[in-house]
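Next come the chains, spelled out residue by residue.
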Amino acid sequence: MRFEHVLVVGAGQMGGGIAQVVAASGRRVSLYDEVSDAVERARGAMEKSLGKLAEKGGAAPDEVLGRVSHVEKIVAADLMIEAVVENAEVKEDVFRRADQTFPPEAILASNTSSIPITSLASVTSRPDKVVGMHFFNPVPVLQLVEVIRALQTSDETAAAIVALAEDLGKTPAEANDFPGFVSNRILMPFVNEAAYALMEGVAAAEAIDTIARLGFAHPLGPLALADLIGLDTCVSIMEVLHDGLGDPKYAPCPLLRQYVAAGRLGRKSGRGFYDYP
Ligand SMILES: NC(=O)c1ccc[n+]([C@@H]2O[C@H](COP(=O)([O-])OP(=O)(O)OC[C@H]3O[C@@H](n4cnc5c(N)ncnc54)[C@H](O)[C@@H]3O)[C@@H](O)[C@H]2O)c1
């Protein structure tokens, strides 16, 4: 399966990045967001990112952007990659609508960080063709794609998405459908513990991040990384881990919840653990 035409639903930081890498591979992309200026903002971010990549020998930005169309609704394609907010009801609604619009042989993938792929598959008439395709932020830079099999996902569907990830120049790693899959089950307790260390006054944010960067050779400390992911998204993922695994150790730190309640969502809102003027 070549997936010549891909619909990306959700044009936030992840959807825009996914649209960019899919278009850079020569495929046609339709990009849909319920907030129509989100697509224009995503195109602006793509232009900037493609400009930087072109300086290092990447494809011409105009050529890549020429393959990305703004669509005003869910339109049929060979593959959907859903990247809307981390909310099960919103995602299930997108999957229901895509299932009604897409041809029966098409695959429906989700970039969710934690919502069970098995539940998304269950709201469609093609559960064997539903799969998790979890990219990492920033999508044009990070190599990993976590490919998640729902209980119902067929071998053919998983293999087609593994092959697509490779064709996009990424490295796929397969995981089964358990809360948080592998990546966020490991990452989120780390982020949460850093938030507790800050809340309890163990150290300042900069010191916590310096310890992780220099002590563990991480490119970003956990608080700066949480700001990049979005604190709202982090809290949503932790709630899925907490509900799904039933262990209080996964409950989001009160400081994270408080920042989200105050609209301090990280880079995307201009302020999180740090300020982004
Ligand atoms: N941020 C990260 O680092 C990261 C990494 C991997 C995966 N993810 C996952 O990717 C998904 C998107 O995250 P993001 O960081 O891009 O979020 P974001 O808040 O930047 O963007 C979400 C977009 O979805 C749009 N949207 C909401 N409901 C919609 C609907 N019904 N139809 C169409 N568009 C809709 C919003 O308008 C917004 O533009 C989430 O599931 C998240 O867990 C995020």
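Computed from a prediction, not measured in an experiment: that's the story for all the values here.

A. Structural view of the pattern of salt bridges. As enumerated under the stated definition, the model contains 14 salt bridges in all. A salt bridge links Arg-126 to Asp-99; the shortest N-O distance between them is 2.7 Å. Of this pair, Arg-126 sits in the loop between helix H5 (117–122) and strand E6 (130–135) while Asp-99 sits in helix H4 (residues 88–101), placing them 27 residues apart in sequence. Each member of the pair, Arg-126 together with Asp-99, is buried. Between Asp-232 and Lys-268 there is a salt bridge whose closest N-O contact spans 3.1 Å. With Asp-232 in helix H10 (residues 231–245) and Lys-268 in the segment after helix H11 (254–261), the pair connects residues that are 36 residues apart, well separated along the chain. Among the charged side chains, a network of salt bridges with common partners joins Arg-2, Glu-4, Arg-27 and Asp-167.

B. Just the packing of helix H7 (residues 183–199) against H10, in detail. Interaxial distance between H7 and H10 falls to 10 Å at its minimum, and their mutual angle equals 115°. Here H7 is positioned roughly perpendicular relative to H10, judged by the angle of their axes. The handedness of the crossing between H7 and H10 comes out as left-handed. Of the residues in H10, those in contact with Asn-184, Arg-185, Met-188, Val-191 and Asn-192 of H7 are Cys-234, Ile-237, Met-238, Leu-241 and Leu-245. Taken together, the residues of the contact of H7 with H10 sort by class into seven nonpolar, two polar and one charged.

C. Just the layout of surface pockets, in detail. Each pocket or cavity is described by its volume, and for the second largest pocket that value is around 200 Å³. Lining the second largest pocket are Gln-20, Val-21, Ala-24, Ser-25, Leu-50, Leu-53, Gly-58, Ala-59, Pro-140, Leu-168 and Lys-170. For the lining of the second largest pocket, the secondary-structure elements that each account for two or more residues are helix H1 (13–24) and helix H2 (36–55). Top element by residues in the lining of the second largest pocket is H1. It accounts for three residues. Of the residues that constitute the lining of the second largest pocket, the class distribution is seven nonpolar, three polar and one charged.

D. Quick look at the nonpolar core. By size, the foremost hydrophobic cluster in this structure holds 37 residues, and its most contacted members are Leu-31, Leu-79, Met-133, Phe-135 and Ile-161. Apart from residues lying up to four places away in sequence, Phe-135 is in contact with Met-14, Ile-18, Val-21, Ile-81, Asn-111, Leu-144, Val-145 and Leu-168. Among the nonpolar cores identified, the runner-up in size contains 24 residues, and Val-191, Ala-195, Tyr-250 and Leu-255 belong to it.

E. Highlighting the side chain of Ser-30. Inspection of the secondary structure assignment puts Ser-30 in strand E2 (residues 28–32). Reaching out from Ser-30, the side chain makes a polar contact with the side chain of His-5 at a distance of 2.8 Å.

F. Geometry of the packing of aromatic side chains. On inspection of all chains with the given rule, the structure shows two aromatic pairs. Note on Phe-190 and Phe-216: the rings are 6.4 Å apart at their centroids and 55° apart in plane angle, and the pair reads as tilted. Of the two residues, Phe-190 is situated in helix H7 and Phe-216 in helix H8 (residues 205–216); the sequence distance between them amounts to 26 residues. You can call Phe-190 partly exposed: its relative accessible area is 27%. On the accessibility criterion, Phe-216 (48% relative accessible area) is partly exposed. Both rings, one in Tyr-259 and one in Phe-273, keep their centres 5.3 Å apart while their planes meet at 55°; by these two values the pair is tilted.

The rules we used
Positions within a chain are numbered from 1, following the residues in the order the chain's sequence is written. Local features are withheld for residues below a pLDDT of 70 in this predicted model, meaning they are given only at 70 or higher, and side-chain atom pairs are given and counted only at 80 or more; totals for whole chains, interfaces and linings count all residues. Note: side-chain values were computed over all heavy atoms of the structure, leaving out hydrogens and water. Criterion for a salt bridge: a side-chain nitrogen of Lys or Arg within 4 Å of a carboxyl oxygen of Asp or Glu. Put simply, DSSP H or I for four residues or longer makes a helix, DSSP E for two residues or longer makes a strand, and each gets a number counted from the N terminus. Type-normalised accessible area, obtained with a 1.4 Å probe on protein chains alone, sets the label of each residue: buried when under 20%, exposed when over 50%, and partly exposed for intermediate values. Comment: axis = line fitted to C-alpha atoms, over the contacting stretch for helices; angle = value between 0 and 180 degrees taken between N-to-C directions. Orientation categories follow fixed angle ranges, with anything under 35 degrees roughly parallel, anything over 145 roughly antiparallel, 65 to 115 roughly perpendicular, and all other angles oblique. Take the far helix as your reference; a near helix turned counterclockwise from it by less than a right angle gives a left-handed crossing, and one turned clockwise gives a right-handed crossing. Between two residues, a contact is recorded if the distance between any of their heavy atoms is within 4.5 Å. All amino acids are sorted into three groups, where Ala, Val, Leu, Ile, Met, Phe, Trp, Tyr, Cys and Pro are nonpolar, Asp, Glu, Lys and Arg are charged, and the leftover types, Gly among them, are polar. Grid spacing is 1 Å over the protein atoms alone, the probe is 1.4 Å, and a cavity is where that probe fits but cannot get out, while a pocket is an open set with protein on both sides within 12 Å along at least five of seven lines and lining residues have an atom within 4 Å of a point. Grid points are joined across faces, edges and corners, and a volume is the space filled by probe spheres set on the points. Among buried residues, those of type Ala, Val, Leu, Ile, Met, Phe, Trp, Tyr and Cys that are joined through side-chain atoms within 4.5 Å constitute a nonpolar core. We call two N or O atoms a polar contact when they sit within 3.5 Å, provided that within protein one can donate a hydrogen and the other can accept it, with sequence-adjacent residues counted only if both atoms are side-chain atoms. Ring pairs are drawn from Phe, Tyr and Trp, using the six-membered ring of Trp, whenever the two centres fall within 6.5 Å, and their geometry is named by plane angle: stacked under 30 degrees, edge-to-face over 60, tilted for the rest.

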